[in-house]
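Fold and geometry: a report
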Protein chains: 2
Amino acid sequence: MTKPNILVGQSGGPTAVINASLYGVITEGLSHTEEIGTIYGMVHGIEGFLAGNYLNLSQELHANDLELLKITPAAYLGSCRFKLPEDFSSPVYAALFERFEELHIGAFFYIGGNDSMDTVSKLSQYAAAHNKTIRFVGIPKTIDNDLILTDHTPGFASAAKYVAAAVREITMDSCVYHNHSVTIIELMGRHAGWLTAASVLARKHAGDNPVLIYLPEIPFSLEQFSHDIERVFQTHRAAVVCVSEGIHDADGKFICEYASSAQVDNFGHKMLTGCGKFLENYVREKFQIKVRSVELNVSQRCSSMLVSRTDIEEAALAGSFGVQAALSGNTGCMVAFERDSSHPYQMHCALHDVTKICNQEKKFPPEWITKNGTDVSDEFLEYVTPLVLGEVEHVMENGVPKFLYRENY
Amino acid sequence: MTKPNILVGQSGGPTAVINASLYGVITEGLSHTEEIGTIYGMVHGIEGFLAGNYLNLSQELHANDLELLKITPAAYLGSCRFKLPEDFSSPVYAALFERFEELHIGAFFYIGGNDSMDTVSKLSQYAAAHNKTIRFVGIPKTIDNDLILTDHTPGFASAAKYVAAAVREITMDSCVYHNHSVTIIELMGRHAGWLTAASVLARKHAGDNPVLIYLPEIPFSLEQFSHDIERVFQTHRAAVVCVSEGIHDADGKFICEYASSAQVDNFGHKMLTGCGKFLENYVREKFQIKVRSVELNVSQRCSSMLVSRTDIEEAALAGSFGVQAALSGNTGCMVAFERDSSHPYQMHCALHDVTKICNQEKKFPPEWITKNGTDVSDEFLEYVTPLVLGEVEHVMENGVPKFLYRENY
């Protein structure tokens, strides 16, 4: 009989290492010539696949392409934000499994975050209920680091390393003048503060900037914030403040809403701005000093300028381990990381029931938040530092990093 | 008799390579043990020096410090935005020259842009009028690349390389989804479009994003912009648009003013936003599609994540050439770059009258702007590409680049 084929897709927001996981799935798949036939890739995730959009990766990618793919940011296969219906009698399921069978798919790998794991969960439940033998495995991916039952998620470390380096550079920039100033840096993480907490890595020594760090896990008070600013001015000429985009007050109202609810431009268009911009204007009015806000924006998730070698290798490992898991008969599971030790750093992969993981959120531990919610503890530093170690050498082309991309990109 | 000492300062906005020029001045100065005594550094430029704030760099910096200084972004000595009075009878001049003589200064080096060159010009004019023998030399520095009589300025190439890499990454991020989208990237350059033009380096192939590039040299029209967007949607699913922060309409009104003049937040504070944010809201309202704006902000000038090796070496060369020029008896001049050829790239340093340079602005050449003001020509690509070539290896510390900074930083 013919060998079963495998199908892999990427979903949700891009990261600097989601393609390293794709590399892991492909290279591991290619190494099992006895058990695996063709490796197919969904274009634009499950949504694109439903529309008949997929690639033959075994044919399309050659050895040198794969090495470039491993260090290419964003999502090579494209992505989607598509949630499968709760109702398993929806024709979507029958249509999907029909396509799976047309392509003789034996295993399905989905690289993504919470919503993507929901897809893996539902497909594996449908398969179980309909005696389908296809195996479904989730490969974790999110810069937010908010998946449960795993020590951390691929993508977080490279985003953390980028944030640390950018905050350190912006701090040095903000310290060149003699006068008092406040620089507010808005970081990603709407519900979980992991990435904002990583800004602590920017400190060159104890007491250094960023001197105030606000996570969404602690309710934010403008009054307390203004007291905090007054306090740090006693010790810092230039204060750098890192805030999560998701900070909100005790009533759950996002700070960014304080600004955007009222703004309309000259043409009557509603203006949407972030909490950093709002706090910039608040500080300017309140303290009458030089203030600036910087939103690191999507570069946090897609920049490959300074990725973590540890992250890249672990992302690839998650992909290859997922293929091995499926070949061993596992389904309805997600690859997870378990930390053996931090000194020296050692981890290994494990499997967990994807249904337990999807739609859950791992918040930043409250016990790692210090100084009345304006700093993070050394325990977090110990946790995060090993993850950001190591660099990757770029392939350069006319002075700019070269990446792998599809022709019709 | 005792050997004369030299004094060096940094002024204006930081760059990724302004410390490489400082490295050049110090290392060249140290090599002339017969002719130069102590090397002093002004802290926070001429303003800090007036207040008696300076360092003995000969004592403070050792060989390994200097190598780290060469790759450290921002301004090691600190900076200022201080314009000397037009009236030469102002006591400021007498006070400055008194300090110069106290420190037995034979040569003064100021690393900066237009305003800093104005300082060099005035000090050299005052010296000439009062028979002072101190020599005054300007070392160019600006990411804006807007100084006249020089092929380019140190700092521009590294900013251009950062912009190119960031725009390429953001483009890949914006292309992962299947639906139509517009991503607007706001770049620095209030009056000159050099840095925004450098976004063309992000293209992976002809016709690639960024598909629209708007410089401040061409009046911006919202109506034409909306036609341009409609046009590119015929060929691009995801359109990436690069705009200079300084784009303005035919009446000279900045596009960012379209937004900020009307905005007030819930607390009655005036909200200041950029043209990118305004255009984001404009496109959202007009086309009802997914749109996002990204402001690369100060990282353009201070990021060392991906600096140009060519820029670093040329910045150091400008510093050392300046010292040689002063020792040869030159004063009232600025170090300039002259390009001998682009294939292969070759340049040499020259000297120009700083009084001719200061307070002038080199705009982006109109003949290099194409497609009715939405693109730049291959002549610019030929001009800029050699400048961004080569990379620098970081010194890493816990996964983050390590820099040199003053203790009281």
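Structure first, text after, so check above.
First, a word on scope: everything that follows refers to the structure included in this document. (Residues numbered from 1 in each chain as written. Chains lettered and ligands numbered in written order. Predicted model: local features only at pLDDT ≥ 70, side-chain atom pairs only at ≥ 80, totals over all residues. Heavy atoms only, no water.)

Let's talk about the interface of chain B and chain A
The parts lose accessible area when they come together, and the size of an interface is often stated as this lost area. As a reminder, the rule being used: By the convention used here, residues are in contact when the closest approach between their heavy atoms is within 4.5 Å. The quantity reported as buried area is the accessible area (1.4 Å probe) lost by two parts once they are put together, taken as the sum for both. Any Lys or Arg side-chain nitrogen located within 4 Å of an Asp or Glu carboxyl oxygen qualifies as a salt bridge. Whenever two N or O atoms come within 3.5 Å, that pair is a polar contact, provided that in protein one can donate a hydrogen and the other can accept it, and provided that, for residues adjacent in sequence, both atoms are side-chain atoms. Strands are runs of DSSP state E lasting at least two residues, helices are runs of H or I lasting at least four, and both sets are numbered from the N terminus onward.
Contact with chain B, which involves 83 residues of that partner, is made by 83 residues of chain A. Both faces considered, chain B and chain A share a buried interface measuring about 6800 Å² in area, 62% of it formed by carbon and sulfur atoms. At the junction of chain B with chain A, the criterion picks out four salt bridges. Between B:E397 and A:R168 there is a salt bridge, and its shortest N-O distance comes to 3.2 Å. Scanning the region where chain B abuts chain A turns up 25 residue pairs in polar contact (both at pLDDT 80 or more). Elements that contribute at least two residues to the side of chain B that touches chain A include exactly α7 (156-174), α10 (255-260), α11 (275-287), β9 (290-295), α12 (299-302), β14 (396-397) and β15 (400-401) of chain B. Top contributing element to the side of chain B that touches chain A by residue count: α7(B), with 10 residues.

Considerations on a negative patch on the surface
Residues and elements named next belong to chain A. Here is the rule: Patches draw on residues past 30% relative accessible area with no salt bridge. Two like charges within 9 Å are joined, as are two nonpolar side chains (Val, Leu, Ile, Met, Phe, Trp, Tyr) within 5 Å. Computed by Shrake-Rupley with a 1.4 Å probe, the accessible areas treat only the displayed protein chains as cover when residues are assessed. Counting rule for charge: Lys and Arg are taken as positive, Asp and Glu as negative, and neither His nor the chain ends is counted. A single reference atom marks each charge: NZ on Lys, CZ on Arg, CG on Asp, CD on Glu. Partly exposed describes any residue whose relative accessible area lies between the buried limit of under 20% and the exposed limit of over 50%, with all areas from a 1.4 Å probe on protein chains only and scaled to the type maximum.
Taken together, the side chains of E367, D378, E379 and E382 present a region of like negative charge at the surface. With respect to the helices, strands and loops of the structure, E379 is situated in helix α15 (residues 378-384). The class for E379 is partly exposed, based on a relative accessible area of 47%.

Remarks on the pairing of strand β8 (residues 238-244) of chain B
Across a regular strand the side chains alternate sides, sitting on one face of the sheet and then on the other. Residue and element names in this part refer to chain B. Heads up, the rule is: DSSP-based pairing: two strands are paired if at least 2 bridges between them are found.
Most of β8 sits inside the fold, with seven of its seven residues counted as buried. Inspection of the sheet shows strand β6 (residues 181-187) paired to β8 by seven bridges, in the parallel sense. The residue of β8 that forms the bridge with T183 is V240. Relative to β8, strand β7 (residues 212-214) is paired through three bridges, and the arrangement is parallel.

As for the layout of surface pockets
Residues and elements named next belong to chain A. Going by this rule: Note on definitions: the grid is 1 Å and covers protein atoms alone; a cavity is a set of points where a 1.4 Å probe fits but cannot get out; a pocket is an open set with protein on both sides within 12 Å along at least five of seven lines; lining residues have an atom within 4 Å of a point. Grid points are joined across faces, edges and corners, and a volume is the space filled by probe spheres set on the points. Any residue outside Ala, Val, Leu, Ile, Met, Phe, Trp, Tyr, Cys, Pro, Asp, Glu, Lys and Arg is labelled polar, Gly included; the first ten of those are nonpolar and the last four are charged.
Considered as a void within the structure, the second largest pocket measures approximately 490 Å³ in volume. As for the second largest pocket, its lining consists of 22 residues, and the residues nearest its centre are V200, R203, H205, A206 and G207. Within the residue set of the lining of the second largest pocket, elements represented by two or more residues are α9 (222-233), β13 (375-376) and α15. In terms of residue class, the lining of the second largest pocket is made up of seven nonpolar, six polar and nine charged.

Let's talk about the packing of aromatic side chains
For clarity, the cut-off: Stacked, tilted and edge-to-face are the three classes assigned to paired rings of Phe, Tyr and Trp, where Trp is represented by its six-membered ring and a pair needs centres within 6.5 Å; plane angles under 30 degrees give stacked, over 60 edge-to-face, the rest tilted. Ring-over charges, as used throughout, are those where CZ of Arg or NZ of Lys falls within 6 Å of the ring centre and within 35 degrees of the ring normal.
In total, this model carries 60 aromatic pairs over all chains according to the counting rule given. When the centroid spacing of 5.6 Å and the interplanar angle of 90 degrees are considered together, the rings of A:Y40 and A:Y54 count as edge-to-face. Residue A:Y40 is located in strand β2 (residues 39-42), and its partner A:Y54 is located in strand β3 (residues 54-56); the two are separated by 14 residues in the primary sequence. Ring geometry for A:F108 and A:Y110: centres 5.5 Å apart, planes at 45 degrees, overall tilted. For A:Y110, a relative accessible area of 0% puts it in the buried group. The rings of A:Y40, A:F49, A:Y54, A:F88, A:Y93, A:F97, A:F100, A:F108, A:Y110, A:Y126 and A:F136 are connected pair by pair, giving a single aromatic cluster. Residue placement shows B:R190 over the ring face of B:F254; its charged tip is 4.2 Å from the ring centre. The residue whose ring lies beneath B:K204 is A:Y405, and the NZ or CZ to ring-centre distance is 5.1 Å.

Section: empty space enclosed by the protein
All chains considered together, the criterion is met by four cavities of 30 Å³ or more. In this model, the largest cavity occupies a volume close to 60 Å³. If you trace the largest cavity, you find it lined by A:Y162, A:E295, A:L296, A:N297, A:S299, B:Y162, B:V294, B:E295, B:L296 and B:S299. Residue composition of the lining of the largest cavity, by class: five nonpolar, three polar and two charged.

Topic: the relation of the copies chain B and chain A
Stated precisely, the cut-off is as follows: Only residues with pLDDT of at least 70 in both copies count here: their C-alpha atoms drive the least-squares fit that superposes the copies.
Overlaying chain B on chain A yields an RMSD of 0.0 Å, the required transformation being a rotation through 180 degrees with an accompanying axial translation of 0.0 Å. Both copies of the chain, as the preceding transformation shows, are related through a two-fold rotation axis. Taken as a fraction of all interface residues of chain B, those also at the interface in chain A reach 100%, which identifies the copy contact as same-surface.

A few points about the side chain of B:S174
All names here are of chain B. One can find S174 in helix α7. According to the relative accessible area criterion, S174 is buried, its value standing at 5%. At 2.8 Å, the side chain of S174 and the backbone oxygen of T171 are in polar contact. What S174 contacts, discounting residues up to four positions off in sequence, is S181, T183, A238, V240 and R292.

Observations regarding helix α5 (residues 91-102) of chain A
Residues and elements named next belong to chain A. To keep things clear, this is the line we draw: Expected helix span is computed as 1.5 Å times (number of residues minus one). Throughout, the arc means that of the directions going from the helix axis to the C-beta atoms.
In a regular helix each residue adds 1.5 Å, so 12 residues correspond to 16 Å; α5 covers 16 Å between its end C-alpha atoms and thus fits that length. Those residues of α5 lying buried are Y93, L96, F97 and F100. Angularly, the buried residues of α5 cover 95 degrees about the axis, an arc narrow enough to put them on a single face. Summarising the geometry of α5, the exposed residues directed more than 90 degrees from the buried face are P91, E98 and E102. Looking at the buried positions of α5, the neighbouring elements they touch are β1 (5-10), α2 (45-50), β4 (105-112), α6 (114-129) and β5 (135-140).

Topic: the pairing of strand β1 (residues 5-10) of chain B
Residue and element names in this part refer to chain B. Basically, it comes down to this: Crossovers are marked right-handed if the path from the first strand over the helix to the second runs clockwise, as seen with the strands pointing away from the viewer.
Burial runs high along β1: six of the six residues are buried. Alternating residues of β1 divide into N5, L7 and G9 and I6, V8 and Q10, and every residue in both groups is buried. Strand direction decides the pairing type here: β1 and strand β4 (residues 105-112), joined by six bridges, are parallel. Note on β4: the bridge partner recorded for V8 is F109. Pairing analysis gives three bridges linking β1 to strand β2 (residues 39-42), with the strands arranged parallel. Counted as the bridge partner of V8 is G41 from β2. A crossover connection joins β1 to the parallel β2 through helix α1 (residues 18-31); in handedness this β-α-β unit is right-handed.

Considerations on the environment of A:E314
All names here are of chain A. Relative to the helices and strands, E314 is located in helix α13 (residues 309-327). On a C-alpha basis, the gap between E314 and R99 in space is 31 Å, while along the polypeptide they are 215 residues apart. Those residues within four positions of E314 in sequence are excluded, and the remaining contacts are H152, F337, Y345 and M347.

Things to note about the packing of helix α5 (residues 91-102) of chain B against helix α6 (residues 114-129) of chain B
All names here are of chain B. Put simply, the test is: Fitting a line to C-alpha atoms yields each axis, with helices limited to the stretch in contact; the angle taken between N-to-C directions then spans 0 to 180 degrees. Oblique is the label for any angle not covered by the other classes, which are roughly parallel (under 35 degrees), roughly antiparallel (over 145) and roughly perpendicular (65 to 115).
Relative to each other, α5 and α6 sit at 80 degrees, their axes nearing to 11 Å. Judged on the interaxial angle alone, α6 and α5 are roughly perpendicular. Contacts between α5 and α6 involve Y93, A94, L96, F97 and F100 on the former and, on the latter, K122, L123, Y126 and A127. Of the residues that constitute the contact of α5 with α6, the class distribution is eight nonpolar, no polar and one charged.

Focus on the nonpolar core
Put simply, the test is: The nonpolar core is taken to be a set of buried Ala, Val, Leu, Ile, Met, Phe, Trp, Tyr and Cys residues, with the residues joined through side-chain atoms within 4.5 Å.
With 86 residues, the main nonpolar core has A:L296, A:F364, A:F380, B:L296, B:F364 and B:F380 as its most contacted residues. B:L296 has contacts with B:Y162, B:V163, B:A166, B:I170, B:I185, B:E186 and B:L187, leaving out every residue within four places of it along the chain.

Thoughts on α13(A)
Residue and element names in this part refer to chain A. Between its first and last C-alpha atoms α13 spans 27 Å; for 19 residues at 1.5 Å apiece the expected length is 27 Å, and the two agree. Sitting at the head of α13, S308 places a side-chain oxygen 3.2 Å from the backbone nitrogen of T310. Just downstream of α13 lies G329, where phi reads positive at about 100 degrees.

Here we look at the pattern of salt bridges
One side chain can pair with another of opposite charge once the charged atoms of both are near each other. Overall, the coordinates contain 35 salt bridges over all chains when judged by the stated rule. One salt bridge in this structure joins A:R309 and A:E313, with 2.5 Å as the shortest N-O distance. Remark: A:E313 and A:R309 occur in helix α13; sequence separation between them is four residues, near one turn of the helix. The exposure class assigned to A:R309 is partly exposed, which follows from its relative accessible area of 32%. Taking the relative accessible area as the measure of exposure, A:E313 reaches 31% and is therefore partly exposed. Here B:E86 and B:K122 are joined by a salt bridge, their closest N and O atoms 2.8 Å apart.

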